[in-house]
Amino acid sequence: MPDTIDFNLNGQPVRVSAEAGRDLLWVLRTDLGLTGPKYGCGISQCGACTVLVDGRAIRSCSVPLKSVKGKSVVTIEGLAAEGRLHPVQEAFIAHDALQCGFCTSGMIMTACDFLRKHPKPTRDQVIAGMDDNLCRCGAHVRIVDAIMEAASAMAGRTPS
Amino acid sequence: MTLRSKQGPQGGPASGKWADADLPTRREFLRRFGTGLLVWVVLRDTAGAEESEAAHPVKVRPKPEGDFNAFLSIGEDGHVTCFTGKIEMGQGPVTSLPQMLAEELDVSMDDVSIVMGDTELCPFDQGTWGSMTTSVFGKVWRAAAAEARAVLMDLAAASLQVPVSQLTARDGVVTDSKDATRKVTYGQLTQGRRIERRVSVNSDLKAPGQFRVIGKPLLRRDSRDKVTGKAKYAGDMRLPGMLYASILRPPASGATLRSADTSAARKIDGVVVVEQPGLVAVLHELPDVAADALGKVKAEFEPSPSRLDDKTIYAHLQKAEVEPRISTQGGDISTGAARAVRRHDATYLGGYVAHAAMETHAALAHVEGGKATVWASTQNPFGAREEIANELGLPIPSVRVITPFVGGGFGGKSFNLQAVEAARLSKATGRPVQVMWTREEEFFNDTFRPASVINIKSGLDADGRIAFWDYEVRFAGDRASERLYDIPDHRTLAVGGFSGPPGIHPFQVGAWRAPGSSNNAFARESHVDQLASIAGIDPIEFRLRQLKDARMERVLKAAAEKWGWTPGKSPSRRGLGIACGADAGSYVAAIAEVGVEPKSGIITVKRVLWVQEMGLVINPAGAKIQMEGGITMGLGYALSEEMHFKDGVLRETNFDTYGLPRFSQVPRIETVILDAGDSPSYGGGEPAIILTGAVIANAVHDATGVRLLELPMSPDRVLAAIAAKA
Ligand code: FES
Ligand code: FES
């Protein structure tokens, strides 16, 4: 018998009928049709599958569906609020911080959580914060630039 | 992959819930372009110029006549749609190809949409590799646009009743230069007509002085789709009723299946099992359930016949008897050797390296009613089409391969096994089937960069110049093995190529970003550096004295100047290295600063300067991204990436053990593109990776006095080299 799991997905309540032990990544990509989170390794090593669960960056390949019960999940598809891109997305565009784009959604989701914890980061902090996300195309320098810019853009928007 | 411009027609393959819900067929396309201007290009002129990196080179080339080979169309609304068999895997043609069209056609970038890698809609293409999209294909592409513009100008001349010479075109509007109120748009000119043109490659192209769009740095056009999750890759494609396949793989390369017991897997609800010669797969409507079910298959294999490991491989390659091919030679080696007052011989080694694109090989196939439609992550959709057709016994035109965005290729996705597997499984089950390799399968099936051995014998004459150069590259291929240096007595021998001969390697090997070039540049530039050190001459000075190519000299001097190089004999203990080279027609020079931690053997690359002369640059912003990407990716083969193996079993099967470059390892990178006047375009995506190994090795020597002869320069090798020296 499949389990019934309720949670909030990209701002909408959802009810999923599936085995509670299945990996969140495949439920998102298959059952829920959200292919923004990518499969890169399946063992928490690359970060391509990263989504936000209650604001925290989580590797969806390595957590069960049941772990998001009652929580709020945001994927790359749900990051832009009311049609306006998130400052991190804007900054990735402005800096050409991607090539093939396969790592990009995981990079952006990880960066969002990082900036929540470090609203005024140094470059070295960004590098340390992103170090467990892999990019094969070598967009690293630009990704760091983009996150630095997003940090200042966000600081300007929300007075602290 | 279809990228619509802002003003382009809406809808299309990317927008439907199901991938094929709105998939236009050839007939619909012809109807849509029932009127308007269609330009076709006869490809014969360039066909022979392309070097194949395909695992199975395409045998059947379509005849240009009669095939739907339109390169571009201009609709009644003036909107330009261009078609190319090239694919976008991150390297940027999704921006640079429309940029070329916008230039030659005098239209705004916003008015150009591009369709890439769809074998039904796009003209035949040999494959996307070899840094040839701009340098070789770009000429044809620009010619098509120039021809379209010529047609439009003729139509405008008739419409406005003035000679062509009196007309100017901009943003899709043709204006009478004597009376600016008299104008006509491209859309108006083509309205209600059906115009077709065939061109060869010799159309009049604009000269660099006339450029308005080419040479301007433009941001990538696909970013928005990629930062919002909208961009679709092959593994993101969905069809109603589809199954996901998990395929049984042997435990070792060369191991063969003895028996498979699939009974436990078959008991799982909804599982479909396919057992065919060479293909045992478990399928389910949920990919993770299929993967779990595969785990229930009990299989026995004959062990791999291979008895090689990552240490013994070099002796094997060194003694393998394969007829050498003379790549270049001049003078006489023994004469040169007799003139030498100091001999220096060395052997340079490089291990197997994985492509490790972040996207694993994926394909969705739908075989139905004698037709196959396959969405595949591939660098050669037309090659995939032929392989699938052969496998299924279908005529080639009955197979359509569509290439969505590709999540990195680097040569690895010219191998299309996953597309063939998906097609076979779809045929066997009668349902659409997706194959998306796991990371473990990706490593297992990869066509690695081959392990190679390079032997160099050389000597210095009494004046401190290189007297002779006897170079033998074994199994990396001879790309970028040119001497660059003026050495009277020289010989370059190539034994085998980057992909063979068959049976030499214990795994499949193939093209890896600039095949062979990084190995050759590492060996040559390490060796020249060592000769400079023996001669007691600054490494840049030593090179400049003997460089024989003016372009190379200019690039090297520019690098020295930009860096603020102060001459010194290596090892100067500053940790500075230099290297230069040529690849795909472009010239590159790099300078790096490193630190070496003597206790741990860890090399830290602090700063890299990269100067590149690549001829005419279409999109300088895109070219810089490619350069940074190449340098960064190169850190991997230089410092940490290698496959360990024994008896056909790989030790590296995922990113927990295979060391891709990380944020914390990336140095400060400066890239400089030198202006090249009126020269044609040369390759850009690959030259930027060829020197990373060499420049770091030379910097390590400068820092420590220790010469590393094997890639990657992992901490254990650094420690061993330091210990051997002490
Ligand atoms: S796929 Fe989840 S971390 Fe790599
Ligand atoms: S952009 Fe290709 S993996 Fe990061």
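Residues numbered from 1 in each chain as written. Chains lettered and ligands numbered in written order. Predicted model: local features only at pLDDT ≥ 70, side-chain atom pairs only at ≥ 80, totals over all residues. Heavy atoms only, no water.

Asks: What is the right way to look at the domain arrangement of chain A in this model?
Replies: Where interface size is given, it is often the accessible area lost as the parts come together that is meant. All names here are of chain A. On domain assignment, one finds that chain A holds domain 1 (3-78) and domain 2 (87-155). Inter-centroid distance (C-alpha atoms) of domain 1 to domain 2 is 21 Å. In this assembly, 18 residues from domain 1 lie in contact with 13 residues from domain 2. When domain 1 packs against domain 2, close to 1200 Å² is buried across both sides, 59% of that on carbon and sulfur atoms. The tally of links from domain 1 across to domain 2 stands at zero salt bridges. Applying the counting rule to domain 1 against domain 2 returns six residue pairs in polar contact (both at pLDDT 80 or more). Secondary structure elements with two or more residues in the side of domain 1 that touches domain 2: strand S3 (50-53) and strand S4 (56-59). Split into classes, the residues belonging to the side of domain 1 that touches domain 2 amount to nine nonpolar, six polar and three charged. (Domains from an automatic or database assignment. Contact = heavy atoms within 4.5 Å. Buried area = accessible area lost by both parts, 1.4 Å probe. Salt bridge = Lys/Arg side-chain N within 4 Å of Asp/Glu carboxyl O. Polar contact = N/O pair within 3.5 Å; in protein donor to acceptor, adjacent residues only side chain to side chain. Helix = DSSP H or I, 4+ residues; strand = E, 2+ residues; numbered from the N terminus. Nonpolar A, V, L, I, M, F, W, Y, C, P; charged D, E, K, R; others polar.)

Asks: So what exactly am I meant to see when it comes to the interface of chain A and chain B here?
Replies: Listed as interface residues are 47 residues of chain A and, on the opposing side, 61 residues of chain B. When chain A packs against chain B, the two sides together hide about 4400 Å² of surface, and 59% of this comes from carbon and sulfur. Among the residues chain A hides against chain B, the three largest losses belong to Gln99, Leu134 and Arg136 of chain A. Together they make up 19% of the total. Seen at the junction of chain A and chain B, the total is six salt bridges. We note a salt bridge from Lys38 of chain A to Asp236 of chain B, for which the minimum N-O separation is 2.6 Å. Taken together, the links from chain A to chain B amount to 26 residue pairs in polar contact (both at pLDDT 80 or more). Residue assignment for the side of chain A that touches chain B shows that the elements contributing at least two residues are helix H1 (24-31), helix H2 (87-94), helix H3 (104-117), helix H4 (123-130) and helix H5 (140-157) of chain A.

Asks: Any chance you could explain the nonpolar core here in plain terms?
Replies: Most often, soluble globular proteins keep nonpolar side chains buried together rather than apart. Membership of the largest hydrophobic core comes to 197 residues, with the highest contact counts inside it found for Phe92 of chain A together with Ile603 and Ile696 of chain B. In terms of residues, this core owes the most to one element, helix H4 (residues 132-160) of chain B, which gives 13 residues. Setting aside anything within four residues of it in sequence, one finds Ile696 of chain B in contact with Val594, Ile603, Val605, Leu635, Ala638, Leu639 and Met713 of chain B. (Core = buried A, V, L, I, M, F, W, Y, C linked by side-chain atoms within 4.5 Å. Buried < 20%, exposed > 50% of the residue type's maximum accessible area, 1.4 Å probe, protein only.)

Asks: When you look at the pattern of salt bridges in this model, what are you seeing that I'm missing?
Replies: When charged atoms on two side chains of opposite charge get close, those side chains can pair. All names here are of chain B. Per the stated rule, a full pass over the model turns up 53 salt bridges over all chains. In this structure, Asp106 engages Arg149 in a salt bridge whose closest nitrogen and oxygen atoms are separated by 2.6 Å. Here the residue Asp106 occupies a position in the loop between helix H3 (93-105) and strand S5 (112-116), and Arg149 occupies one in helix H4, the gap between them amounting to 43 residues. Take Asp106: its relative accessible area is 4%, and that puts it in the buried class. Salt bridges sharing common partners tie together Glu103, Asp106, Arg149, Lys206 and Arg212.

Asks: So what exactly am I meant to see when it comes to the environment of Ile466 of chain B here?
Replies: Along the polypeptide, Ile466 of chain B turns up in strand S22 (residues 466-474). The exposure class of Ile466 of chain B is buried, given its relative accessible area of 2%.

Asks: Help me out: how do you make sense of the domain arrangement of chain B in this one?
Replies: Residues and elements named next belong to chain B. Split into domains, chain B comes out as domain 1 (26-219), domain 2 (237-303 + 361-436) and domain 3 (320-353 + 448-725). Taken together, the contacts link 21 residues of domain 1 with 21 residues of domain 3. Both sides of the domain 1 and domain 3 interface together cover about 1400 Å² of buried area, and 60% of this is carbon and sulfur. For the pair domain 1 and domain 3, the interface holds zero salt bridges. For the interface between domain 1 and domain 3, the tally reads three residue pairs in polar contact (both at pLDDT 80 or more). When residues of the side of domain 1 that touches domain 3 are traced back to their parent elements, those giving at least two are H3 and H4. Ranked by residues supplied to the side of domain 1 that touches domain 3, first place goes to H3 with four residues. Of the residues assigned to the side of domain 1 that touches domain 3, the class counts are seven nonpolar, ten polar and four charged.

Asks: Help me understand the packing of helix H15 (residues 539-546) of chain B against helix H16 (residues 550-563) of chain B, please; the structure alone is not making it clear to me.
Replies: A pair of packed helices is characterised by two quantities: the angle between their axes and the separation of those axes. All names here are of chain B. For the pair H15 and H16, interaxial distance at closest approach is 10 Å and the crossing angle is 160 degrees. For the element pair H15 / H16, the angle class is roughly antiparallel. Every pair of crossing elements has a handedness; the one defined by H15 and H16 is left-handed. Mapping the contact onto sequence places Ile540, Arg543 and Leu544 in H15 and Glu553, Leu556, Lys557 and Ala560 in H16. Considered class by class, the residues forming the contact of H15 with H16 number four nonpolar, no polar and three charged. (Axes fitted to C-alpha atoms, helices over the stretch in contact; angles between N-to-C directions. Parallel < 35°, antiparallel > 145°, perpendicular 65-115°, else oblique. Left-handed = near helix turned anticlockwise from the far one by under 90°.)

Asks: Would you explain the sheet that holds strand S25 (residues 586-596) of chain B in this entry?
Replies: Hydrogen bonds between backbone atoms are what pair the strands of a sheet, whose relative direction is either parallel or antiparallel. Residues and elements named next belong to chain B. Strand order in the open sheet made by the four strands is S24-S25-S26-S29, with mixed pairing throughout. Here the strands that pair on one side only, and so sit at the sheet edges, are strand S24 (576-583) and strand S29 (668-673). Here the average twist between neighbouring strands, direction ignored, is 15 degrees. Note: strand S26 (residues 603-613) against S29, six bridges, orientation parallel. If you follow Trp610 over to S29, its bridge partner there is Thr671. (Pairing = 2+ DSSP bridges.)

Asks: So what exactly am I meant to see when it comes to the confidence of the model for chain B here?
Replies: It should be kept in mind that the predicted coordinates are not to be read in detail where pLDDT is low. Residues and elements named next belong to chain B. Per-residue confidence for chain B gives a mean pLDDT of 90, with 91% of residues at or over 70. For residues 44-51, every residue scores under 50 in pLDDT, and the model assigns this stretch 18 contacts once sequence neighbours within four places are set aside. For this predicted complex, the interface confidence score (ipTM) comes to 0.97, while the overall pTM stands at 0.94. (pLDDT = per-residue confidence, 0-100.)

Asks: Which parts of the structure should I look at to understand the environment of Trp565 of chain B?
Replies: Residues and elements named next belong to chain B. Following the sequence through the fold, Trp565 ends up in the loop between H16 and S24. Judged by relative accessible area, Trp565 falls into the buried class, the value being 12%. Placed 26 residues apart in sequence, Trp565 and Ile591 show a C-alpha to C-alpha distance of 9.2 Å. Apart from the residues lying within four places of it in its own chain, the contact partners of Trp565 are Asp538, Pro539, Ile540, Ala560, Arg574, Leu576 and Ile591.

Asks: Where do I start with the packing of aromatic side chains in this structure?
Replies: How two aromatic rings sit relative to each other is set out by the distance from centre to centre and by the angle between their planes. Residues and elements named next belong to chain B. For the structure on display, the rule yields 14 aromatic pairs over all chains. Seen in terms of ring centroids, Phe443 and Tyr658 are 5.1 Å apart; in terms of plane orientation they differ by 65 degrees. Their pairing is edge-to-face. Taken as a pair, Phe443 in helix H13 (residues 439-445) and Tyr658 in the loop between strand S28 (649-650) and S29 lie far apart in primary sequence, 215 residues in all. You'll find Phe443 and Tyr658 in the same group, each marked buried. Linked through ring pairs, Tyr352, Phe448, Phe507 and Phe645 together constitute an aromatic cluster. The side chain of Arg449 reaches across the aromatic face of Trp512, ending 5.3 Å from its centre. (Phe/Tyr/Trp six-rings, centres within 6.5 Å; stacked < 30°, edge-to-face > 60°. Lys NZ or Arg CZ within 6 Å of the ring centre and 35° of its normal.)

Asks: Help me out: how do you make sense of the pairing of strand S23 (residues 489-495) of chain B in this one?
Replies: Moving residue by residue along a regular strand, the side chains alternate between the two faces of the sheet. Residues and elements named next belong to chain B. Across the seven residues that make up S23, a large majority, six, are buried. The pairing of strand S15 (residues 324-330) with S23 spans six bridges and is antiparallel. Bridging from a neighbouring strand, Arg325 pairs with Ala494 of S23. Taken together, the seven bridges between S22 and S23 define a ladder with parallel strand orientation. Opposite Phe468, over in S23, you have Asp489 as the bridge partner.

Asks: I'm lost on the environment of Asp549 of chain B in this one. Help?
Replies: Residue and element names in this part refer to chain B. With respect to the secondary-structure elements, Asp549 resides in the loop between H15 and H16. With relative accessibility at 23%, the residue Asp549 sits in the partly exposed group. When the C-alpha positions of Asp549 and Asp486 are compared, they lie 8.8 Å apart, and in sequence the two are 63 residues distant. Discounting residues that sit within four places of it in the chain, Asp549 has contacts with Leu484 and Tyr587. Engagement of the side chain of Asp549 in a polar contact is seen with the side chain of Tyr587, the distance being 2.7 Å.

Asks: When you look at the sheet that holds strand S17 (residues 362-368) of chain B in this model, what are you seeing that I'm missing?
Replies: Residues and elements named next belong to chain B. The seven strands are arranged S12-S13-S10-S20-S17-S18-S19 in an open sheet whose pairing can be described as mixed. Each edge of the open sheet is held by one strand with a lone partner, namely strand S12 (272-276) and strand S19 (399-402). The average angle at which neighbouring strand axes cross in this sheet is 25 degrees, direction not considered. Where S17 lies against strand S20 (residues 433-436), four bridges are found, and the strand directions are antiparallel. When the sheet's bridge partners are listed, Leu364 is paired in S20 with Gln434. Where helix H8 (residues 287-294) meets the sheet, its contacts fall on strand S10 (243-247) and strand S13 (279-284), and the angle it forms with S10 comes to roughly 30 degrees. Contacts from helix H12 (residues 417-429) reach S10, S12, S13, S17, strand S18 (371-376) and S20 within the one sheet, and its direction differs from that of S17 by about 35 degrees.

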